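Structural overview
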Amino acid sequence: MVNTNFEDNKIYECSFENCDLKDCKFRKLDLQNTKFKHSNLTKTDFRKAKNFKIDITDCNLKNAKFSYPDVIDLLDCLEIVIE
């Protein structure tokens, strides 16, 4: 699915596992409970996307783009407390 444009849509309850999503566009998406595991997210654009669940410990995120404050969701997989 390299270079696929998912912009301005909704993707709910989906699982992207072992996927090559390099250069994809997930901009302005509501990704409610959508999970990314063991995937290549190199240069993938998540700006203004929300509700994503990305396991940063096993996904390649080199040069991926995110917006604040939703980038904080990347820390969910670490099971830490942020106050």
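Criteria and cut-off values
Residues numbered from 1 in each chain as written. Predicted model: local features only at pLDDT ≥ 70, side-chain atom pairs only at ≥ 80, totals over all residues. Heavy atoms only, no water. Core = buried A, V, L, I, M, F, W, Y, C linked by side-chain atoms within 4.5 Å. Buried < 20%, exposed > 50% of the residue type's maximum accessible area, 1.4 Å probe, protein only. Helix = DSSP H or I, 4+ residues; strand = E, 2+ residues; numbered from the N terminus. Contact = heavy atoms within 4.5 Å. Pairing = 2+ DSSP bridges. Axes fitted to C-alpha atoms, helices over the stretch in contact; angles between N-to-C directions. Polar contact = N/O pair within 3.5 Å; in protein donor to acceptor, adjacent residues only side chain to side chain. Phe/Tyr/Trp six-rings, centres within 6.5 Å; stacked < 30°, edge-to-face > 60°.

1. Re the nonpolar core
Grouped together as the largest cluster of nonpolar side chains are 17 residues, with contacts concentrated most on Leu 21, Phe 26, Leu 31, Phe 36, Phe 46 and Ile 54. Only strand S2 (30-37) and strand S3 (50-54) provide two or more residues apiece to this core. Excluding residues within four positions of it along the chain, Leu 31 makes contact with Ile 11, Phe 26, Phe 36, Phe 46, Ala 49, Lys 50, Asn 51 and Phe 52.

2. A few points about the sheet that holds S3
If you walk across this open sheet you meet the three strands as S1-S2-S3, and the pairing is parallel. The outermost strands of the open sheet, each flanked by one partner alone, are strand S1 (15-17) and S3. Pairs of neighbouring strands in the sheet enclose a mean axial angle of 15°, with direction left out of account. Across four bridges, S2 lies against S3 in parallel orientation. Its bridge partner being in S3, Asp 30 is matched across the sheet by Lys 50.

3. Structural notes on the environment of Glu 13
Position of Glu 13 among the secondary structure elements: in the segment before S1. Sequence separation between Glu 13 and Val 81 is 68 residues, and the spatial gap between their C-alpha atoms is 24 Å. Each residue touching Glu 13, except ones within four places of it in the same chain, is listed here: Gln 32, Asn 33 and Thr 34. For Glu 13, the side chain forms a polar contact with the side chain of Asn 33, separated by 3.0 Å.

4. Looking at the packing of aromatic side chains
Scanning the entire structure with this criterion turns up 10 aromatic pairs. Taken together, a centroid distance of 4.7 Å and an interplanar angle of 15° make the contact between Phe 6 and Phe 26 stacked. Of the two residues, Phe 6 is situated in the segment before S1 and Phe 26 in the loop between S1 and S2; the sequence distance between them amounts to 20 residues. Phe 26 shares its class with Phe 6; the two are buried. Ring geometry for Phe 52 against Phe 66: centres 5.8 Å apart, planes inclined by 50°, an arrangement best described as tilted. You can see Phe 52 sitting in strand S3 and its partner Phe 66 sitting in the segment after S3, a full 14 residues away along the chain. Classification of Phe 52 by relative accessible area gives buried; the value is 1%. Through a chain of ring-to-ring contacts, three or more aromatic side chains come together here, namely Phe 6, Phe 16, Phe 26, Phe 36, Phe 46, Phe 52 and Phe 66.

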